[in-house]
Amino acid sequence: MASLTFRNVYKRYAGNVVAVRDFNMEVPDKEFLVLVGPSGCGKSTTLRMLAGLEEITEGEILIGDRVVNNIAPKDRDVAMVFQSYALYPHMTVYENMAFGLRLRKTPKQVIDQRVREAAKSLGIEHLLDRRPRQLSGGQRQRVAVGRAIVREPQVFLMDEPLSNLDAKLRVEARSFISKLHQRLGTTFVYVTHDQVEAMTMGTRICVMSAGEIQQVDTPYNLYHNPRNLFVAGFIGSPSMNFFDGTVKLEGGAMIIETGSFNLTLPPSKAALYHAANNERVTLGIRPEDIHDADYKPSGITPADVEANVEVVEQMGNEMILYLEDKGKSYIARTDPRTKASVGKRMGFVLNLDNLHLFDAQSELSLAYESKQKVSTPVMAK
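In short, a report on the structure. This structure is a prediction, so every number in the text was calculated from the model and none was measured.

Read across the open sheet, the four strands follow the order S2-S1-S4-S5; overall the sheet is antiparallel. The outermost strands of the open sheet, each flanked by one partner alone, are strand S2 (17-27) and strand S5 (66-67). Across two bridges, strand S4 (residues 58-63) lies against S5 in antiparallel orientation. By the bridge assignment, leucine 62 is partnered in S5 with valine 67. Those strands touched by helix H1 (residues 43-51) are strand S1 (4-13), S2 and S4, and its axis lies near 115 degrees from that of S1.

Spelled out as C-alpha coordinates, the structure:
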(Lines give C-alpha, C1' and ligand atoms only; values in the text may rest on other atoms or scores of the structure.)
Protein backbone atom coordinates (compact mmCIF):
# COMPACT_ATOMS: atom_id res chain seq x y z
CA MET A 1 0.00 0.00 0.00
CA ALA A 2 1.23 3.52 -0.69
CA SER A 3 0.46 7.21 -0.56
CA LEU A 4 1.03 9.46 -3.58
CA THR A 5 2.61 12.90 -3.78
CA PHE A 6 2.65 15.36 -6.69
CA ARG A 7 5.07 18.27 -6.31
CA ASN A 8 4.88 21.14 -8.81
CA VAL A 9 4.30 18.76 -11.71
CA TYR A 10 4.20 20.17 -15.26
CA LYS A 11 3.71 18.50 -18.61
CA ARG A 12 4.64 20.48 -21.71
CA TYR A 13 4.49 19.36 -25.32
CA ALA A 14 6.14 20.77 -28.43
CA GLY A 15 5.24 24.38 -29.12
CA ASN A 16 5.13 25.12 -25.38
CA VAL A 17 1.69 23.55 -25.08
CA VAL A 18 1.08 23.06 -21.34
CA ALA A 19 -1.13 20.03 -20.65
CA VAL A 20 -0.65 20.01 -16.86
CA ARG A 21 0.39 23.07 -14.87
CA ASP A 22 1.83 23.22 -11.33
CA PHE A 23 -0.01 20.11 -10.11
CA ASN A 24 0.35 19.69 -6.32
CA MET A 25 -1.48 17.06 -4.30
CA GLU A 26 -1.15 14.55 -1.47
CA VAL A 27 -3.11 11.30 -1.82
CA PRO A 28 -3.20 9.33 1.44
CA ASP A 29 -2.79 5.56 1.48
CA LYS A 30 -6.03 3.66 0.69
CA GLU A 31 -7.85 6.72 -0.67
CA PHE A 32 -10.14 6.55 -3.72
CA LEU A 33 -9.22 9.74 -5.59
CA VAL A 34 -11.13 10.71 -8.73
CA LEU A 35 -9.69 13.10 -11.33
CA VAL A 36 -12.59 14.69 -13.18
CA GLY A 37 -12.97 17.39 -15.77
CA PRO A 38 -13.90 18.03 -19.40
CA SER A 39 -11.97 16.54 -22.32
CA GLY A 40 -8.52 18.06 -22.65
CA CYS A 41 -8.26 19.21 -19.02
CA GLY A 42 -5.13 17.10 -18.35
CA LYS A 43 -6.59 14.38 -16.13
CA SER A 44 -5.51 11.41 -18.29
CA THR A 45 -2.09 12.99 -18.83
CA THR A 46 -1.68 13.26 -15.05
CA LEU A 47 -2.61 9.60 -14.64
CA ARG A 48 -0.20 8.54 -17.39
CA MET A 49 2.64 10.51 -15.77
CA LEU A 50 1.91 8.67 -12.52
CA ALA A 51 2.01 5.35 -14.39
CA GLY A 52 5.24 6.27 -16.18
CA LEU A 53 3.65 6.26 -19.63
CA GLU A 54 4.32 10.00 -20.03
CA GLU A 55 7.52 11.77 -19.06
CA ILE A 56 7.30 14.55 -16.48
CA THR A 57 8.54 17.88 -17.82
CA GLU A 58 9.04 19.41 -14.40
CA GLY A 59 8.39 18.51 -10.76
CA GLU A 60 8.31 15.24 -8.83
CA ILE A 61 5.93 12.33 -8.32
CA LEU A 62 6.36 10.08 -5.30
CA ILE A 63 4.82 6.67 -4.65
CA GLY A 64 5.23 6.17 -0.94
CA ASP A 65 8.53 7.89 -0.15
CA ARG A 66 10.15 6.98 -3.48
CA VAL A 67 10.53 9.53 -6.31
CA VAL A 68 9.49 7.68 -9.47
CA ASN A 69 10.27 10.26 -12.18
CA ASN A 70 12.97 8.11 -13.75
CA ILE A 71 11.64 4.68 -12.80
CA ALA A 72 10.24 2.45 -15.58
CA PRO A 73 6.47 1.75 -15.53
CA LYS A 74 6.99 -1.94 -14.76
CA ASP A 75 9.00 -1.06 -11.64
CA ARG A 76 6.53 1.45 -10.15
CA ASP A 77 4.29 -1.23 -8.64
CA VAL A 78 1.12 0.23 -10.13
CA ALA A 79 -1.54 -1.48 -12.23
CA MET A 80 -3.58 0.37 -14.86
CA VAL A 81 -7.01 -0.36 -16.33
CA PHE A 82 -7.50 1.37 -19.67
CA GLN A 83 -10.63 2.65 -21.38
CA SER A 84 -10.21 0.04 -24.15
CA TYR A 85 -9.37 -2.70 -21.56
CA ALA A 86 -6.37 -3.64 -23.78
CA LEU A 87 -7.04 -7.39 -23.67
CA TYR A 88 -5.08 -9.68 -25.96
CA PRO A 89 -7.66 -11.10 -28.42
CA HIS A 90 -5.75 -14.35 -29.07
CA MET A 91 -5.47 -15.21 -25.35
CA THR A 92 -8.07 -16.71 -23.06
CA VAL A 93 -9.33 -14.84 -20.01
CA TYR A 94 -7.00 -16.94 -17.85
CA GLU A 95 -4.00 -16.14 -20.06
CA ASN A 96 -4.84 -12.42 -20.13
CA MET A 97 -5.02 -12.29 -16.35
CA ALA A 98 -1.83 -14.31 -15.93
CA PHE A 99 0.24 -12.52 -18.57
CA GLY A 100 1.78 -9.84 -16.35
CA LEU A 101 2.75 -12.38 -13.70
CA ARG A 102 4.39 -14.61 -16.29
CA LEU A 103 6.51 -11.69 -17.48
CA ARG A 104 7.69 -11.31 -13.90
CA LYS A 105 8.54 -15.04 -13.86
CA THR A 106 6.14 -15.66 -10.98
CA PRO A 107 5.91 -19.38 -10.08
CA LYS A 108 3.11 -21.21 -11.91
CA GLN A 109 1.32 -22.30 -8.76
CA VAL A 110 1.26 -18.71 -7.47
CA ILE A 111 -0.09 -17.48 -10.82
CA ASP A 112 -2.82 -20.11 -10.81
CA GLN A 113 -3.83 -19.31 -7.24
CA ARG A 114 -3.99 -15.56 -7.81
CA VAL A 115 -5.86 -15.81 -11.11
CA ARG A 116 -8.49 -18.18 -9.77
CA GLU A 117 -8.97 -16.20 -6.55
CA ALA A 118 -9.35 -12.95 -8.49
CA ALA A 119 -11.73 -14.55 -11.01
CA LYS A 120 -13.88 -15.89 -8.19
CA SER A 121 -14.03 -12.53 -6.43
CA LEU A 122 -15.07 -10.86 -9.70
CA GLY A 123 -17.62 -13.52 -10.60
CA ILE A 124 -15.87 -14.53 -13.82
CA GLU A 125 -14.42 -17.92 -12.86
CA HIS A 126 -16.70 -19.59 -15.43
CA LEU A 127 -15.19 -17.42 -18.20
CA LEU A 128 -11.52 -18.36 -17.79
CA ASP A 129 -11.42 -20.47 -20.97
CA ARG A 130 -13.14 -17.89 -23.17
CA ARG A 131 -11.53 -15.27 -25.40
CA PRO A 132 -12.34 -11.53 -25.27
CA ARG A 133 -14.54 -11.64 -28.39
CA GLN A 134 -16.83 -14.07 -26.57
CA LEU A 135 -17.42 -11.66 -23.67
CA SER A 136 -19.83 -8.80 -23.08
CA GLY A 137 -18.57 -5.30 -22.35
CA GLY A 138 -19.14 -5.74 -18.62
CA GLN A 139 -17.29 -9.07 -18.60
CA ARG A 140 -14.32 -7.58 -20.47
CA GLN A 141 -14.19 -4.78 -17.94
CA ARG A 142 -14.00 -7.28 -15.08
CA VAL A 143 -11.25 -9.23 -16.83
CA ALA A 144 -9.23 -6.03 -17.20
CA VAL A 145 -9.71 -5.29 -13.49
CA GLY A 146 -8.81 -8.89 -12.64
CA ARG A 147 -5.57 -8.63 -14.59
CA ALA A 148 -4.70 -5.63 -12.40
CA ILE A 149 -5.72 -7.34 -9.15
CA VAL A 150 -3.50 -10.40 -9.59
CA ARG A 151 -0.43 -8.18 -9.65
CA GLU A 152 -1.22 -7.00 -6.10
CA PRO A 153 0.03 -3.47 -6.83
CA GLN A 154 0.44 -0.63 -4.37
CA VAL A 155 -1.76 1.64 -6.52
CA PHE A 156 -4.62 1.00 -8.97
CA LEU A 157 -4.94 3.45 -11.86
CA MET A 158 -8.16 3.52 -13.91
CA ASP A 159 -8.57 5.65 -17.05
CA GLU A 160 -12.30 5.95 -17.89
CA PRO A 161 -12.86 2.18 -17.58
CA LEU A 162 -16.67 2.45 -17.81
CA SER A 163 -17.01 4.69 -20.86
CA ASN A 164 -17.66 1.75 -23.23
CA LEU A 165 -20.53 0.33 -21.15
CA ASP A 166 -24.22 1.00 -21.56
CA ALA A 167 -26.13 2.98 -18.93
CA LYS A 168 -27.32 -0.01 -16.88
CA LEU A 169 -23.90 -1.67 -16.83
CA ARG A 170 -22.24 1.60 -15.84
CA VAL A 171 -24.38 1.76 -12.70
CA GLU A 172 -23.55 -1.85 -11.81
CA ALA A 173 -19.84 -1.35 -12.55
CA ARG A 174 -19.63 1.78 -10.36
CA SER A 175 -20.91 -0.22 -7.40
CA PHE A 176 -18.59 -3.11 -8.22
CA ILE A 177 -15.46 -0.92 -8.33
CA SER A 178 -16.40 0.89 -5.10
CA LYS A 179 -16.87 -2.44 -3.30
CA LEU A 180 -13.58 -3.67 -4.78
CA HIS A 181 -11.77 -0.67 -3.31
CA GLN A 182 -13.28 -1.33 0.11
CA ARG A 183 -12.29 -4.99 -0.03
CA LEU A 184 -8.72 -4.49 -1.27
CA GLY A 185 -7.93 -1.44 0.86
CA THR A 186 -5.57 -0.15 -1.83
CA THR A 187 -5.00 3.36 -3.18
CA PHE A 188 -7.16 4.02 -6.26
CA VAL A 189 -6.76 6.89 -8.73
CA TYR A 190 -9.67 7.01 -11.16
CA VAL A 191 -10.08 9.28 -14.20
CA THR A 192 -13.45 10.19 -15.67
CA HIS A 193 -15.20 13.05 -17.47
CA ASP A 194 -18.51 11.94 -15.92
CA GLN A 195 -19.24 13.94 -12.77
CA VAL A 196 -21.89 11.40 -11.68
CA GLU A 197 -19.18 8.71 -11.57
CA ALA A 198 -16.92 11.05 -9.66
CA MET A 199 -19.54 11.98 -7.06
CA THR A 200 -20.68 8.41 -6.43
CA MET A 201 -17.25 6.74 -6.27
CA GLY A 202 -14.60 9.06 -4.90
CA THR A 203 -13.72 9.66 -1.26
CA ARG A 204 -12.14 12.84 -2.65
CA ILE A 205 -12.44 14.44 -6.06
CA CYS A 206 -9.93 16.60 -7.92
CA VAL A 207 -11.72 18.87 -10.41
CA MET A 208 -9.44 19.96 -13.27
CA SER A 209 -9.73 22.52 -16.05
CA ALA A 210 -7.14 23.59 -18.64
CA GLY A 211 -4.42 21.54 -16.94
CA GLU A 212 -4.92 23.08 -13.50
CA ILE A 213 -6.52 21.93 -10.26
CA GLN A 214 -9.69 23.89 -9.56
CA GLN A 215 -10.63 22.22 -6.27
CA VAL A 216 -9.82 19.04 -4.35
CA ASP A 217 -12.48 18.08 -1.83
CA THR A 218 -15.08 15.58 -0.71
CA PRO A 219 -18.16 15.11 -2.94
CA TYR A 220 -20.26 16.87 -0.29
CA ASN A 221 -18.05 19.97 -0.18
CA LEU A 222 -17.69 20.19 -3.95
CA TYR A 223 -21.46 20.23 -4.29
CA HIS A 224 -22.33 22.52 -1.40
CA ASN A 225 -19.22 24.69 -1.26
CA PRO A 226 -17.73 25.09 -4.76
CA ARG A 227 -14.61 27.22 -4.81
CA ASN A 228 -15.34 28.92 -8.12
CA LEU A 229 -17.77 29.27 -11.01
CA PHE A 230 -16.24 26.39 -12.98
CA VAL A 231 -16.62 23.84 -10.16
CA ALA A 232 -20.14 25.05 -9.42
CA GLY A 233 -21.19 24.59 -13.04
CA PHE A 234 -19.39 21.30 -13.60
CA ILE A 235 -20.58 19.44 -10.50
CA GLY A 236 -24.30 18.67 -10.49
CA SER A 237 -26.75 17.43 -13.11
CA PRO A 238 -28.57 19.40 -14.40
CA SER A 239 -25.90 22.00 -13.79
CA MET A 240 -26.26 25.09 -11.62
CA ASN A 241 -28.16 28.07 -13.04
CA PHE A 242 -26.22 31.35 -13.23
CA PHE A 243 -27.53 34.92 -13.33
CA ASP A 244 -25.57 38.14 -13.77
CA GLY A 245 -26.36 40.44 -10.88
CA THR A 246 -25.49 43.56 -8.94
CA VAL A 247 -25.30 43.93 -5.16
CA LYS A 248 -27.36 46.77 -3.66
CA LEU A 249 -27.32 47.70 0.03
CA GLU A 250 -30.60 49.31 1.05
CA GLY A 251 -31.59 50.01 4.64
CA GLY A 252 -29.14 47.46 5.96
CA ALA A 253 -30.45 44.75 3.61
CA MET A 254 -28.43 43.09 0.85
CA ILE A 255 -30.33 42.92 -2.43
CA ILE A 256 -29.19 41.08 -5.55
CA GLU A 257 -30.63 42.60 -8.73
CA THR A 258 -30.73 40.43 -11.86
CA GLY A 259 -32.43 41.02 -15.16
CA SER A 260 -35.10 38.47 -14.26
CA PHE A 261 -35.74 39.09 -10.55
CA ASN A 262 -34.46 40.82 -7.41
CA LEU A 263 -33.63 38.90 -4.23
CA THR A 264 -33.27 40.16 -0.67
CA LEU A 265 -30.83 37.89 1.12
CA PRO A 266 -31.70 36.67 4.62
CA PRO A 267 -29.35 38.11 7.29
CA SER A 268 -27.74 34.73 7.93
CA LYS A 269 -26.85 34.38 4.25
CA ALA A 270 -25.80 37.99 3.75
CA ALA A 271 -23.32 37.66 6.61
CA LEU A 272 -21.30 35.15 4.54
CA TYR A 273 -20.72 37.62 1.75
CA HIS A 274 -18.52 40.68 1.69
CA ALA A 275 -19.58 42.27 -1.60
CA ALA A 276 -19.49 46.06 -1.69
CA ASN A 277 -22.38 48.20 -2.85
CA ASN A 278 -22.85 48.14 -6.65
CA GLU A 279 -20.44 45.21 -7.04
CA ARG A 280 -21.07 42.94 -10.02
CA VAL A 281 -21.62 39.31 -9.09
CA THR A 282 -22.80 36.03 -10.57
CA LEU A 283 -25.64 34.42 -8.68
CA GLY A 284 -25.87 30.63 -8.79
CA ILE A 285 -28.79 28.43 -7.78
CA ARG A 286 -29.21 24.73 -8.44
CA PRO A 287 -32.29 23.37 -10.27
CA GLU A 288 -33.41 21.43 -7.17
CA ASP A 289 -33.60 24.73 -5.25
CA ILE A 290 -36.23 26.11 -7.64
CA HIS A 291 -39.62 24.75 -6.53
CA ASP A 292 -43.14 24.81 -7.90
CA ALA A 293 -44.92 27.34 -5.68
CA ASP A 294 -47.69 24.80 -4.97
CA TYR A 295 -45.20 22.22 -3.63
CA LYS A 296 -42.53 24.27 -1.92
CA PRO A 297 -40.86 22.50 1.03
CA SER A 298 -41.19 23.83 4.56
CA GLY A 299 -38.31 25.32 6.52
CA ILE A 300 -36.68 27.26 3.66
CA THR A 301 -36.17 30.98 3.11
CA PRO A 302 -38.28 31.55 -0.02
CA ALA A 303 -38.27 34.11 -2.82
CA ASP A 304 -41.18 34.20 -5.26
CA VAL A 305 -40.54 34.45 -9.02
CA GLU A 306 -42.46 33.78 -12.22
CA ALA A 307 -41.30 32.17 -15.47
CA ASN A 308 -42.59 30.69 -18.72
CA VAL A 309 -42.34 26.92 -19.22
CA GLU A 310 -40.55 26.03 -22.47
CA VAL A 311 -39.87 22.28 -22.07
CA VAL A 312 -41.27 19.67 -19.67
CA GLU A 313 -39.40 16.42 -18.91
CA GLN A 314 -41.41 14.02 -16.73
CA MET A 315 -38.89 11.71 -15.07
CA GLY A 316 -41.30 9.82 -12.83
CA ASN A 317 -39.77 10.71 -9.48
CA GLU A 318 -39.24 14.35 -10.48
CA MET A 319 -39.98 16.85 -13.21
CA ILE A 320 -37.33 18.85 -15.09
CA LEU A 321 -38.63 22.19 -16.36
CA TYR A 322 -36.82 24.46 -18.82
CA LEU A 323 -37.89 27.99 -17.96
CA GLU A 324 -37.56 31.44 -19.54
CA ASP A 325 -38.18 34.93 -18.26
CA LYS A 326 -37.13 38.27 -19.78
CA GLY A 327 -34.73 36.55 -22.17
CA LYS A 328 -33.01 34.45 -19.51
CA SER A 329 -33.27 30.64 -19.61
CA TYR A 330 -32.79 28.37 -16.61
CA ILE A 331 -33.77 24.92 -15.29
CA ALA A 332 -35.89 23.77 -12.35
CA ARG A 333 -36.11 20.30 -10.83
CA THR A 334 -39.54 20.13 -9.24
CA ASP A 335 -42.06 17.84 -7.56
CA PRO A 336 -43.46 15.26 -10.05
CA ARG A 337 -46.99 16.46 -9.22
CA THR A 338 -46.23 19.88 -10.71
CA LYS A 339 -49.01 21.00 -13.08
CA ALA A 340 -46.68 22.27 -15.77
CA SER A 341 -47.25 22.49 -19.50
CA VAL A 342 -45.37 24.09 -22.39
CA GLY A 343 -46.24 27.76 -22.77
CA LYS A 344 -47.68 28.12 -19.27
CA ARG A 345 -46.54 30.96 -17.00
CA MET A 346 -46.10 29.71 -13.46
CA GLY A 347 -45.03 30.81 -10.03
CA PHE A 348 -41.84 29.34 -8.53
CA VAL A 349 -40.01 29.63 -5.24
CA LEU A 350 -36.23 29.99 -4.93
CA ASN A 351 -34.56 28.58 -1.82
CA LEU A 352 -32.37 31.47 -0.70
CA ASP A 353 -30.64 29.30 1.90
CA ASN A 354 -28.78 27.44 -0.87
CA LEU A 355 -27.85 30.17 -3.35
CA HIS A 356 -24.23 30.99 -4.24
CA LEU A 357 -22.53 34.27 -5.13
CA PHE A 358 -19.36 34.55 -7.23
CA ASP A 359 -17.20 37.55 -8.03
CA ALA A 360 -17.96 38.55 -11.62
CA GLN A 361 -14.29 39.09 -12.51
CA SER A 362 -12.32 36.46 -10.59
CA GLU A 363 -15.21 33.93 -10.68
CA LEU A 364 -14.30 32.90 -7.12
CA SER A 365 -17.00 32.15 -4.57
CA LEU A 366 -17.59 35.07 -2.22
CA ALA A 367 -18.37 32.67 0.62
CA TYR A 368 -15.86 29.86 0.03
CA GLU A 369 -13.36 30.87 2.70
CA SER A 370 -16.11 31.42 5.26
CA LYS A 371 -17.60 28.00 4.63
CA GLN A 372 -14.18 26.33 4.77
CA LYS A 373 -14.11 27.09 8.47
CA VAL A 374 -17.19 24.91 8.99
CA SER A 375 -16.27 21.26 9.54
CA THR A 376 -18.00 18.87 7.14
CA PRO A 377 -17.91 15.08 7.57
CA VAL A 378 -16.29 12.98 4.84
CA MET A 379 -19.03 11.03 3.10
CA ALA A 380 -18.53 7.28 3.55
CA LYS A 381 -18.17 5.24 0.38
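What follows concerns helix H4 (residues 137-149). Between the first and last C-alpha of H4 there are 19 Å, a value that for 13 residues agrees with the 18 Å anticipated at 1.5 Å per step. Those residues of H4 that sit buried are Gly138, Gln141, Val143, Ala144, Val145, Gly146, Arg147, Ala148 and Ile149. Each element contacted by the buried residues of H4 is listed here: strand S6 (78-81), helix H2 (93-103), helix H3 (108-122), strand S7 (155-159) and helix H5 (167-184).

Ordered in space as S15-S19-S16-S17-S18, the five strands form an open sheet in which the pairing is antiparallel. Here the strands that pair on one side only, and so sit at the sheet edges, are strand S15 (290-292) and strand S18 (328-334). Across the sheet, the mean angle separating the axes of adjacent strands is 50 degrees when strand polarity is ignored.

It is possible for side chains of opposite charge to pair when their charged atoms get near one another. Tallying each qualifying case throughout the model produces 17 salt bridges. The shortest N-O distance in the salt bridge between glutamate 306 and arginine 345 comes to 3.2 Å. Here glutamate 306 is found in strand S16 (residues 302-314), whereas its partner arginine 345 is found in strand S19 (residues 345-351), with 39 residues between them in sequence. A salt bridge links arginine 337 to aspartate 335, with the nearest nitrogen and oxygen atoms 2.9 Å apart. By relative accessible area, which is 22% here, aspartate 335 ends up partly exposed. Residues joined by salt bridges that share partners form a network here, namely Lys11, Arg48 and Glu54.

A word on the side chain of glutamate 31. Examined against the element boundaries, glutamate 31 turns out to sit in the loop between S2 and strand S3 (32-36). A relative accessible area of 12% places glutamate 31 in the buried class. In contact with glutamate 31, other than residues within four places in its own chain, are His181, Thr186, Thr187, Phe188, Thr203 and Arg204.

So, about the packing of aromatic side chains. Using the criterion set out here, one finds nine aromatic pairs in the structure. Measuring from centroid to centroid gives 6.2 Å for phenylalanine 242 and phenylalanine 358, while their planes differ by 75 degrees, and the two rings are edge-to-face. Here phenylalanine 358 lies in strand S20 (residues 356-359) and phenylalanine 242 lies in strand S11 (residues 241-250), a separation of 116 residues in the sequence. On the basis of relative accessible area, phenylalanine 242 is assigned to the partly exposed category, the value being 22%. Among the aromatic side chains, those forming a connected cluster through ring pairs are Phe32, Phe156, Phe188 and Tyr190. It is arginine 286 that lies over the ring of tyrosine 223; its NZ or CZ is 3.9 Å from the centre. For lysine 328, the ring lying beneath its charged end belongs to phenylalanine 243, and the centroid distance is 5.3 Å.

With that settled, the discussion passes to the nonpolar core. Formed by 46 residues in total, the largest nonpolar core has its most connected members in Met97, Val115, Val145, Ile177, Tyr190 and Ile205. Those residues in contact with isoleucine 205, other than ones at most four positions away along the chain, are Leu33, Val34, Val36, Ala198, Met199, Gln215, Val216, Asp217, Pro219 and Leu222. Among the nonpolar cores identified, the runner-up in size contains 31 residues, and Ile256, Phe261, Ala307 and Leu350 belong to it.

This next bit is on the side chain of lysine 43. Of note, lysine 43 is situated in helix H1. It turns out lysine 43 is buried and unbridged, and the closest side chain with the opposite charge, glutamate 160, is 4.3 Å from it. There is a polar contact of 3.0 Å between the side chain of lysine 43 and the backbone oxygen of glycine 37. A polar atom in the side chain of lysine 43 sits 3.2 Å from the backbone oxygen of proline 38. With near-sequence residues (within four places) excluded, lysine 43 lies in contact with Leu35, Val36, Gly37, Pro38, Glu160, Val191, Thr192, His193 and Met208.

This brings us to H5. Helix length check: H5 (18 residues) gives 26 Å between terminal C-alpha atoms against 26 Å at 1.5 Å per residue, within 8%. Buried within H5 we find Arg170, Ala173, Arg174, Phe176, Ile177, Ser178, Leu180 and His181. In the core, the buried residues of H5 are packed alongside S3, H3, H4, S7, strand S8 (187-192) and helix H6 (195-201). N-capping of H5 is provided by aspartate 166, with a side-chain oxygen placed 3.3 Å from the backbone N of lysine 168.

Regular strands have side chains that alternate between both faces of the sheet. Note that S1 and S2 share seven bridges and pair antiparallel. Of the residues in S2, the one forming a bridge with arginine 12 is valine 18. Remark: three residues form the turn of the hairpin made by S1 and S2, two consecutive strands paired antiparallel; glycine 15 in that turn has positive phi of roughly 80 degrees.

With that settled, the discussion passes to unusual backbone geometry. In this structure, the amide linkage connecting serine 237 to the following residue, proline 238, adopts the cis form with an omega of -5 degrees. As for its position among the elements, proline 238 is in the loop between helix H8 (229-234) and S11. We note that lysine 30 has phi near 75 degrees; this positive angle belongs to a residue other than glycine. Mapped onto the fold, lysine 30 is located in the loop between S2 and S3.

What counts and what doesn't
Throughout this document, residue positions are counted from 1 along each chain, in the order its sequence is written. Selection of residues for local features in this predicted model requires a pLDDT of at least 70, selection of side-chain atom pairs for listing and counting requires 80 or more, and totals for whole chains, interfaces and linings are taken over all residues. Side-chain numbers come from the whole structure's heavy atoms, not from hydrogens or water. For two strands to pair, DSSP has to find at least two bridges joining them. Helix numbering and strand numbering both begin at the N terminus, where a helix is a DSSP run of H or I of at least 4 residues and a strand a DSSP run of E of at least 2. A contact between two residues is defined here by any heavy atoms of the two lying within 4.5 Å. All axes are obtained by fitting lines to C-alpha atoms, using only the stretch in contact for helices, and the reported angles, taken between N-to-C directions, cover 0 to 180 degrees. Every helix has an expected span of 1.5 Å times one less than the residues it contains. In this scheme, a residue with accessible area under 20% of its type's maximum is buried, one over 50% is exposed, and one in between is partly exposed, where area comes from a 1.4 Å probe on protein chains only. We define a salt bridge as a side-chain nitrogen of Lys or Arg found within 4 Å of a carboxyl oxygen belonging to Asp or Glu. A pair of Phe, Tyr and Trp rings is counted when the ring centres sit within 6.5 Å of each other, with Trp represented by its six-membered ring. The angle between the planes then sorts it: under 30 degrees is stacked, over 60 is edge-to-face, the rest tilted. Think of it as a cone above the ring: NZ of Lys or CZ of Arg counts as a charge over the ring if it is within 6 Å of the ring centre and within 35 degrees of the ring normal. Throughout this description, the term nonpolar core refers to a set of buried Ala, Val, Leu, Ile, Met, Phe, Trp, Tyr and Cys residues connected via side-chain atoms within 4.5 Å. In this tally, Lys and Arg are treated as positive and Asp and Glu as negative; His is ignored, and so are the chain termini. Any N or O atom pair separated by 3.5 Å or less is treated as a polar contact, with the protein-specific requirement of one donor-capable and one acceptor-capable atom, and with residues adjacent in sequence counted only for side-chain atom pairs.

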